[in-house]
Structure formats: structure tokens, C-alpha cells
Amino acid sequence: MASRRAWIIWCSFALAGSGYLGSTLLGQDKTVYVPGTTSDGHYQIELRCDTCHAYAFGGGPVLQKRCLTCHGEELQRIQDSHPRRVFIDPRNADRIADVDASQCISCHKEHRPEMDRGMGVTLPVDFCFYCHEDIAEDRLSHRDVPFDTCADAGCHNFHDNSGLYEAFLVKNAEAPDTLDIAKVPKRNAAEVRRMVNKRPLRRLTRDDHDAPRYLDVEEQIILDWEETAHAKSEVNCMDCHQVAGITNEWRDNPEFKACNTCHKMEVSGYIQGKHGMRLALELSPMTPAQARLPMKKKNRDNAMGCTSCHRSHRFDTVDAAVKACLKCHDDQHSKAYKASLHFDLWRKENEGEGETGRGVSCATCHLPREVRRHRGKDIVRVQHNQNGNLRPNETMIRDVCLRCHGLSFSLDALADESLIRNNFKGGPARHVKSIDWAVARAKNAQRDKERQRVK
Amino acid sequence: MSQSIVRMIGLSVALGMLISLGFGCTTEQGSTMHLKRMADSLYAVMAADRKIYSKLVVNRLVNEEAVIKASEHWRDDRALPLPAQMFRMAAEEAMDSGANFAYSLLSLWPINPQNKPRTDMEKTGLKYLMDNPGKNYYGEESLGGRRYFTALYPDVAVADACVDCHNDHKDSPKSDFEIGDTMGGVIIRIPM
């Protein structure tokens, strides 16, 4: 009798449980399935399980493909020092038997926050050893350097060493702390648009606007638009508010897809970055309330899209570069910005006191200008994916710091955590030895070569 | 009678075994012959590509026309990749796109330490190339639980440029290469 009752209880619990799990699996909120705290990089999209787990029974190769769907392009852009292809040669079979470096998830394990070493992803510690165990043989400077410090600030990264490789260190060894012609490259989207457009672009004025007359548009909106690069480059109301194939009828608030018709590079960066990654997966927009960084209370529920920083219809890039950020961000580094020399330069530039291109806004460093080459010309665009140069912070060196500073100064500053917290007020209190070592090695090698030749 | 039948059966079984063994041997030999021919053909393509790139691209544009430089840091220097880098990048690209064989350029005195011999066969093979100028080396090895037919081809210093660059390079452990020296070798591995 008792056992029958136990059976009934067991069955009803099992049924209820599986009913609940089954319905959540099919529903929107899959929180119960998240096996552990998701990394800083992925937590915003953790409820779209299928983004990574494309098939229920897909193992390594399926996951690997999904990693590269989002991160592949970036890895190419930074000239990944350890792409998968260097590991798949059978001569390296014994090396990848311990840590299969041809798979992202061998090092970056998701849902394992206890293994996160402050980089937003999990990382093993002394994996360099497997392939570079005899490094001290030809680099005496490395003799007493333990393998768990290879990735210390200013030394090496696994993926992006574009600002850290030996010849680069030597080439930039002598640069002064601050360069004489410290300047941020000028954006040239409008110029490029003129260059590629088949006919000359007409400058539009308020009377040219093509919004339907029945809308009775506020005059201020028209005046704002008239002043923008949009009006100057013949971009009219309908070009954003009614884009064929995207918003077939007039939309008061066109979304990022409308911006994407002209600003492809900016939008593709944006929807890969922290602000827009939810949009890429058709989730509700990111809000400061969901952030893991400290945010101001006031704007916690603002939905993020292009116009939350670039307010329509002025699209004021000066506003977007500082004011927009500080509307939400409330961490120590952000709060210290206005007392920094960088801000002082920014203020001066915008008040007409300083030279253009010398001011340093939040965006100058965190949404940096990226220079690409096309037919021998520079195309300067703003990279809106801030992940690319956030952590490890040496990834900032080339596109950000070196525009104005020397390499040694930059490495030292980026290694000084308290300096970063106070937003670079003062000078670096740390010194990274990378450049000293590289220069010494180059000198020694030259001397050795000469000696060998004499012999 | 019955004895001779038994004898005949025994004989045919033995003969059959011998024949099949013989066949087995020749097919096995045939298959390594086939792999050897395949490796030789692959090598011919690789060597041809490297030669054409060195001659018609690097030498022509760098030395004859002097319109561009070739540099190890070709991206930053906006220059042409060196032939050895071109070779390595192509090998990696081929493997990444699923080619059913692997190849690389190795040396006992490499500029790039990752081009130093690692497996036993790489060590004996390179040594053999040094000791037997003009000869190739063939063998079989097991790596990562798979068996490979492995071939090594000598890489000879054919021009002053090879010798000068390698002798002067700060990462090169050797500075007395001479023209005609075997500087290293191309290794090709085909799964068996």
C-alpha cells in the first residue's frame, strides 16, 4: 500500500518535472538550463542556447564552427598568432594530445566562472609550455621566467601579438612618451561615399526633405538634419525611414538595419560588440540594467540601438563620443575621465582652442578609428565592436595608444592598473621589460653574427 | 590414392597461400610505390610554385623593378611575403581546407624554431639529406595513432640570397651556409 503511494508520488513528480522542463525548453526563458554563470562575453545571449549549441547532439566540431561564426573575422583581422591551421599538421599530434589548441573550447570553457582569470573568458595558465618549453635556450632573458607569466601585461598574448612581436618592439623602442604629431586619424566615410558614388552628390537643404507632408514634421528635426553629414551627402528622410526591403512603409523609429544600408562596417561591429550583440540574435535590445559593469540608476532601462548614442536627427558625433557614454557608465575609470588630461584635450578641441584630432574621448580609445586600405587609400571608420580592444588591453596598442604615444610608455601605462582606474592621470608607475629585452637580444645577436663571420 | 589427394590439397593450399602472400607483398609494395609517386608529384608542384613565386614575383619586383620590398613582416612593412613564408602559409591553408596530406619546410638550423625537426623520422630524414646530397628520403611513421608515408626532399641554397639572408638573420643559429649546401628539407606526409 505504502509502496503504491510512493509510486504515485514519484510518477506525479516525474511527470510534473518533465512537463516543466519540456515546456521551458520550448519556451523563451531557458534560464534553468544554463549550467553555470556564463562569461562576460556571452551572458547577454545565454538564453539563445542554439547560438552556440547549434544541434542538440553536436560536440566539438559543431561548437567550433559556432565560435568562428562570430569570432572568425576578428581573429583574421588581428592576425591571430595561433590559428587552428598551425596545429593540425600531424607533426604536432603529440602537442595537441594534452591541450587540443585547434579547438577554442579547449581553453575557453563556457559556464565555468571559477576559471575566469579576469579576461572575461576562461583561460588555462601555463599552456605555452607545451610548444615553447625550450624558449630560454635562445632567449636568455627568459631563463627564470615561469610559464604562468607569459601572458602578463605587456608580454605575450595567445591570439593578438600585433603590438608585441619582437621586431615591432625593437622598431618602436626609441619612440618618445608622447609623439610630436599626436593625432587621431580623421573619419572619411563621407569622402568614401563621394568617391564610390557614380554621380556627384548634391547637398540637400530643408526644402529638399522628402518626408510625407501629412506627417507634419517638427521644424527642429528638419533643421537638425540639414546640418548633418547626411544632408550634405544627399541622404534624405526616406533613405532611413523607408528603406526598400527593410522598412517598406514609413517608420518613425527605423532600427539598426536601416543604418546598415550605408554604415555596414559600423553596424557589423556594433552588433558583434557589447552594446548590440543581442540585436544580432533578434533578442530585445541591451539595457544598462543588464550590464555587469556599474551603471547609473537613471538610465537603467534605456534600450540600446544606434540612436541611443547618436541621437537622431543630429547624429552629433561629439555628443556620441563622451556624453552618451557617461549617461550610463558609472565605474571608477569612467568617473575619473573628466579629470584627465585626455578629457582636457577633448574639451579644448571642441571649444576650438586645441588642434583637431588631438582630443581623446571615450570613443577614441574604446570605439577606435580603424584604418583599412582600399586601392592604396586609407579608409578610416569607427570600429563599434569594443571587444576587439578591451581585454587583454595590449590589443589597444596599435589602433589606439600608438596614435599619440610611444610603445614603451603605452606598455607601461597599460600594465599599471591603478593608473587605468584613475583614467591615466599621472605617469605609469610600472615598467614592462619587453622592449629592453628585445633590444638587448637584437644587439647580442648582431654581435654574435659579426663574431661568427670574423672566425 | 587418398594420400595423393591429401598431398594435392596440401600443395594447392600452400601454393594458394604463397601466391596470395606474394600478391599481398606486391600490392603493399605497389601501394607504397603509389604513395611515393604521389609524394613526388606533390613535391613537384610545391617546388614549381616556390620557384615561380621567387623568380617572377619576388626577384622581378624586388631586385629588377625595385618597386616593392620583400619582408618577414610583410603586413606591417606593406611588402611581399618571403618565399619560405608563402610556402608555410600555403601549407597551413591547404591543411585547414581539408587536404589529405601535410607538408612543411624544416631545417636542422631553422630561423623559425617551429621548423626544427621534432619526430624521429624528421631527425633521421634531415640527417640523411645532409649526408646524401641530391637524394630524397622515404619512410613510414605513426603520429597521433595514424600511420603516414613520409617523404623528405632536400632544400638547397641555390642563390646568394638564400645564404646571405639565413647567415645574417638574428634568429638563425648558423652563419656559414654556402651556395650548394643543403639548408633543410621539404617534408610531405600522406596518411596510409
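Described in the following lines is the structure provided in the data block. (Residues numbered from 1 in each chain as written. Chains lettered and ligands numbered in written order. Predicted model: local features only at pLDDT ≥ 70, side-chain atom pairs only at ≥ 80, totals over all residues. Heavy atoms only, no water.)

### Overview of the interface of chain B and chain A
Stage number 1. Facing 32 residues of chain B, the contacting portion of chain A comprises 29 residues.
Stage number 2. Summing both partners gives a buried area of about 2,500 Å² for chain B against chain A, and 41% of it is carried by carbon and sulfur.
Stage number 3. Three residues, B:Asp76, B:Arg118 and B:Lys170, lead the burial of chain B against chain A; their summed loss comes to 26% of the area buried on that side.
Stage number 4. Salt-bridge contacts for A:Arg85 lead to B:Glu92; the nearest nitrogen and oxygen are separated by 3.6 Å.
Stage number 5. Here chain B and chain A share 16 residue pairs in polar contact (both at pLDDT 80 or more) between them.
Stage number 6. Residues that form the side of chain B that touches chain A fall into these classes: seven nonpolar, 10 polar and 15 charged. (Contact = heavy atoms within 4.5 Å. Buried area = accessible area lost by both parts, 1.4 Å probe. Salt bridge = Lys/Arg side-chain N within 4 Å of Asp/Glu carboxyl O. Polar contact = N/O pair within 3.5 Å; in protein donor to acceptor, adjacent residues only side chain to side chain. Nonpolar A, V, L, I, M, F, W, Y, C, P; charged D, E, K, R; others polar.)

### Brief notes about a nonpolar patch on the surface
Stage number 1. A cluster of nonpolar side chains, contributed by A:Tyr20, A:Leu21, A:Leu25, A:Leu26, A:Val32 and A:Tyr33, occupies part of the molecular surface with about 600 Å² of accessible area.
Stage number 2. Mapping A:Leu21 onto the fold places it in helix H1 (residues 2–26). (Patch = residues over 30% accessible without salt bridge, like charges linked within 9 Å, V, L, I, M, F, W, Y side chains within 5 Å. Areas by Shrake-Rupley, 256 points an atom, 1.4 Å probe, with all protein chains shown as cover. Helix = DSSP H or I, 4+ residues; strand = E, 2+ residues; numbered from the N terminus.)

### Details of unusual backbone geometry
Glycine aside, residues mostly have negative phi angles, and peptide bonds mostly take the trans form.
Residue and element names in this part refer to chain A.
Stage number 1. The residue after Ser-312, namely His-313, is reached through a cis peptide bond having omega 0°.
Stage number 2. Mapped onto the elements of the fold, His-313 is located in the loop between helix H14 (306–309) and helix H15 (317–321).
Stage number 3. The omega angle of the peptide bond from Arg-391 to Pro-392 is -10°, so this bond is cis rather than trans.
Stage number 4. Checked against the element boundaries, Pro-392 lands in the loop between strand E2 (377–382) and helix H20 (407–415).
Stage number 5. You will see that Glu-234, though not glycine, has its phi angle at about 65°, which is positive.
Stage number 6. Of note, Glu-234 is situated in the loop between helix H9 (229–232) and helix H10 (237–241).
Stage number 7. In this structure, Asn-423 takes a positive phi of about 60° despite not being glycine.
Stage number 8. Take Asn-423: it is sitting in the loop between helix H21 (417–421) and helix H22 (434–454).
Stage number 9. Taking relative accessible area as the criterion, Asn-423 reaches 5% and is therefore assigned buried. (Buried < 20%, exposed > 50% of the residue type's maximum accessible area, 1.4 Å probe, protein only.)

### Thoughts on the sheet that holds strand E2 (residues 137–143) of chain B
Residue and element names in this part refer to chain B.
Stage number 1. With respect to topology, four strands assemble into an open sheet ordered E1-E4-E3-E2, the strand pairing being antiparallel. Two strands lie at the open edges of the sheet, namely strand E1 (102–106) and E2, each paired on one side alone. Averaged over all pairs of adjacent strands, the angle between their axes in this sheet comes to 25°, without regard to strand direction.
Stage number 2. Two strands pair when backbone bridges link them, and E2 and strand E3 (residues 146–156) are joined in this way by seven bridges, in the antiparallel orientation. Paired with Tyr-138 across the strands is Ala-151, a residue of E3.
Stage number 3. On the sheet, helix H2 (residues 83–96) packs against E1 and strand E4 (182–191) and is oriented at approximately 160° with respect to E1. (Pairing = 2+ DSSP bridges. Axes fitted to C-alpha atoms, helices over the stretch in contact; angles between N-to-C directions.)

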